[in-house]
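# Descriptive structure summary
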Amino acid sequence: MVFCSNCFHNLEIKSIIDERGLLGICPVCGTKDVKIYDTEQDSTLLGMFDNLLSVYTAEDDLPSNYPHSECRTLVEAIKNEWDIFSDISDEDILNILKSLSPTILEDYPIVFEKLVGIPEKYDKDYLLKNSILHAEKWDDFVESIKHKNRFHTDLIDKKLLRKYCIDISKKIPISKQRFYRGRVAKNEDGFPPSEMGAPPKEYASNGRANSDGISRLYLTNDRETTLHEIRAAEYDYVSIGTFKQLKELTVVDLKQIHKISPFGVDVDCTALAINREHLLKINQEMSRPMRRGDSPLDYLPTQYICDFIMSIKNEDGTPMFDGIEYQSAMHSRGSNLAIFNPENFKCTYSRTYEVKKLHYTKELIGRHKS
Ligand SMILES: [Zn+2]
């Protein structure tokens, strides 16, 4: 079978094809002048998916307690759980998987034909040892931290969470890149740079990444996202501070969760498939907008995770991470940074704007009859 590096998102596979392939037109995605890989000519990628595909068991062989509703085709499962393929058809994905996995095609062909599942997902003993949340669900953790044990929950496997945090960490070197924070101002005078930083600890109120009394600096990657994040209203005056970073930072980038590659050395694909779900949930919860009717208890789960990430140390005892980066739910192109130590940034200038127009969209979520 012939395909190209553009058929993939996964960087490891792309780089193998780019290094070895010959230029041509891809019969799968139609890209011209691209590095082509021919399974008849090159065996480098053969068996590459064996470890990953062995995570999946055909429905007939799954334990009887496995819910049918969670079974999917192999292609659906791969597309849903891993960011490997680009936007090519399900049929092409299936054919590529078969062509690169001759051993599995011979030994266990039904995995390509039947619905599949991950048996360990419902194996209590396995989950106790290998899941960030032990054998529990996210909602059990939320219930426990809100109403049972706030400071010493044993529902999070800290060793595992630490490992995944390291997997998705990244460095932010000092560069020309600037970050932003917005504040709604009382009048058109706005706020000077000296008043654009994180609030003093006496005034720090609950946020997704900080508890009452703990001051953390929330920044965005562009001004537009800032306006969305502070939910500025029409005719509000808004000051937006521009921040320069003062040292190289290491952050846990929750947006990278779906990028963790199943092809790395020593990657436990089963554990990763199971924990990905929990990690995605953390990203989703971090970016969930705060609502007026929220109880401060609603922020406890992410506050706990953020405090834990802040507590992770290097071998020499220094903190490993300076903050957390996560998706903005308010602005799809934006991302947010919650910085543990506000001193790592300096507000260099601020500008004040008047919000001229807002665009509201709505979605029906319920109705009542008289
Ligand atoms: Zn292609």
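Look above for the structure.
So, here is what we can say about the structure in this document. Quick caveat: nothing in here was measured; it's all calculated off a predicted structure. (Residues numbered from 1 in each chain as written. Predicted model: local features only at pLDDT ≥ 70, side-chain atom pairs only at ≥ 80, totals over all residues. Heavy atoms only, no water.)

## Some thoughts on the overall build of the chain
Scanning the chain from N- to C-terminus turns up 12 helices and 14 strands. Referenced to the eigenvectors of the C-alpha coordinate spread, the extents of the chain come out at roughly 70 × 65 × 55 Å. Residues counted as buried form 45% of the 370 residues belonging to the chain. The long-range fraction of contacts in the chain, counting pairs at least 24 apart against all pairs at least 6 apart in sequence, stands at 73%. Surface accessibility of the chain: about 20400 Å² in total, with carbon and sulfur atoms responsible for 49%. Averaging the positions of the 49 positive and the 58 negative side-chain charges in the chain gives two centres separated by 9 Å. (Helix = DSSP H or I, 4+ residues; strand = E, 2+ residues; numbered from the N terminus. Buried < 20%, exposed > 50% of the residue type's maximum accessible area, 1.4 Å probe, protein only. Contact = heavy atoms within 4.5 Å. Areas by Shrake-Rupley, 256 points an atom, 1.4 Å probe, with all protein chains shown as cover. Lys, Arg positive; Asp, Glu negative; His and termini not counted. Charge placed at Lys NZ, Arg CZ, Asp CG, Glu CD.)

## Observations regarding the pairing of strand E11 (residues 249-253)
Of all five residues making up E11, five are buried, and the element is well covered by its neighbours. Burial of E11 is two-sided: the residues Leu249, Val251 and Asp253 facing one way and the residues Thr250 and Val252 facing the other way are all buried. As judged from the four bridges shared by strand E7 (residues 169-172) and E11, these two strands associate in the antiparallel manner. By the bridge assignment for E11, Ile172 is matched with Leu249. The pairing of E11 with strand E12 (residues 323-327) spans three bridges and is parallel. When the sheet's bridge partners are listed, Asp253 is paired in E12 with Glu325. (Pairing = 2+ DSSP bridges.)

## Observations concerning the coordination of the zinc ion
Protein coordination at the zinc ion: the donors are Cys4 (SG), Cys7 (SG), Cys26 (SG) and Cys29 (SG), at 2.2 to 2.3 Å from the metal. Between the four donor atoms coordinating the zinc ion, the angles at the centre fall across 101 to 121°, so the site counts as tetrahedral. Expressed as a motif, the donor residue spacing for the zinc ion is C-x2-C-x18-C-x2-C. Placement of Cys7 in the loop between strand E1 (2-4) and helix H1 (11-20) and of Cys26 in the loop between strand E2 (22-24) and strand E3 (34-38) is noted, with a sequence separation of 19 residues between them. (Donors = N, O, S within 2.8 Å, 3.2 Å for Na, K, Ca; no water. Tetrahedral: all angles 85-135°; square planar, octahedral: opposite > 155°, others 65-115°.)

## Considering the nonpolar core
Of all hydrophobic cores here, the largest spans 83 residues; its most connected members are Phe3, Phe8, Phe49, Tyr56, Ile78, Ile84 and Phe85. The leading source of residues in this core is helix H11 (residues 269-287), at eight residues. Domain assignment of the residues forming this core places at least three in each of domain 1 (2-119) and domain 2 (169-354). Beyond its immediate sequence surroundings of up to four residues, Phe8 is in contact with Phe3, Ile13, Lys14, Ile17, Phe49, Ile84, Phe85, Ser86 and Ile96. Phe191, Met196, Leu217 and Phe345 belong to the second-largest nonpolar core, a separate cluster that totals 14 residues. (Core = buried A, V, L, I, M, F, W, Y, C linked by side-chain atoms within 4.5 Å. Domains from an automatic or database assignment.)

## Comments concerning the environment of Ile240
As for its position among the elements, Ile240 is in strand E10 (residues 237-245). A relative accessible area of 3% means that Ile240 is categorised as buried. Ile240 sits 98 residues away from Ala338 along the chain, and the two C-alpha atoms are 17 Å apart.

## Focus: empty space enclosed by the protein
Going through the model one piece at a time under the given rule, you end up with one cavity of 30 Å³ or more. In this structure, the largest cavity encloses a volume near 50 Å³. Lining the largest cavity are Tyr56, Tyr66, Glu70, Arg72, Ala77, Glu81, Val116, Gly117, Ile118 and Lys121. Counting residues per element, the ones that place at least two in the lining of the largest cavity are helix H3 (74-81) and strand E6 (115-117). Here the residues of the lining of the largest cavity are counted per class, giving five nonpolar, one polar and four charged. (1 Å grid on protein atoms, 1.4 Å probe; cavity = no way out; pocket = protein on both sides within 12 Å on 5 of 7 lines; lining within 4 Å. Points joined across faces, edges and corners; volume = space filled by probe spheres on them. Nonpolar A, V, L, I, M, F, W, Y, C, P; charged D, E, K, R; others polar.)

## Here's the deal with the side chain of Arg216
Topologically, Arg216 is positioned in the loop between strand E8 (179-185) and strand E9 (217-220). Within the local environment of Arg216, its side chain forms a polar contact with the side chain of Asp307, the two groups lying 2.9 Å apart. For Arg216, the residues in contact, after removing those within four places along its chain, are Ala198, Pro199, Ala209, Asn210, Cys306, Asp307, Met310, Ile339, Phe340 and Pro342. (Polar contact = N/O pair within 3.5 Å; in protein donor to acceptor, adjacent residues only side chain to side chain.)

## Quick notes on the pattern of salt bridges
Taken as a whole and judged by the stated rule, the model has 18 salt bridges. In this structure, Lys146 and Asp298 form a salt bridge, with 3.0 Å as the shortest nitrogen-oxygen distance. In this pair, Lys146 is assigned in helix H8 (residues 138-147) and Asp298 in the loop between H11 and helix H12 (300-311), connecting sequence segments 152 residues apart. For Lys146, a relative accessible area of 19% gives the class buried. Residues Lys255 and Asp253 are paired through a salt bridge, measuring 3.0 Å at the closest nitrogen-oxygen approach. Comparing Lys255 with Asp253, the two get one shared label, buried. Look at the salt bridges and you will find they share partners, linking Lys170, Asp253, Lys255 and Glu325 into a network. (Salt bridge = Lys/Arg side-chain N within 4 Å of Asp/Glu carboxyl O.)

## Re H3
Every buried residue belonging to H3 is among Leu74, Val75, Ala77, Ile78 and Glu81, and all of these are buried. Around the axis of H3, the buried residues are gathered within 165° of arc, so they sit on the same side. In this structure, the buried side of H3 is in contact with helix H2 (50-53), strand E5 (72-73), helix H4 (90-100), helix H6 (110-113), E6 and H11. (Arc of directions from axis to C-beta.)

Purely geometric stuff here, so don't read any function into it on its own.
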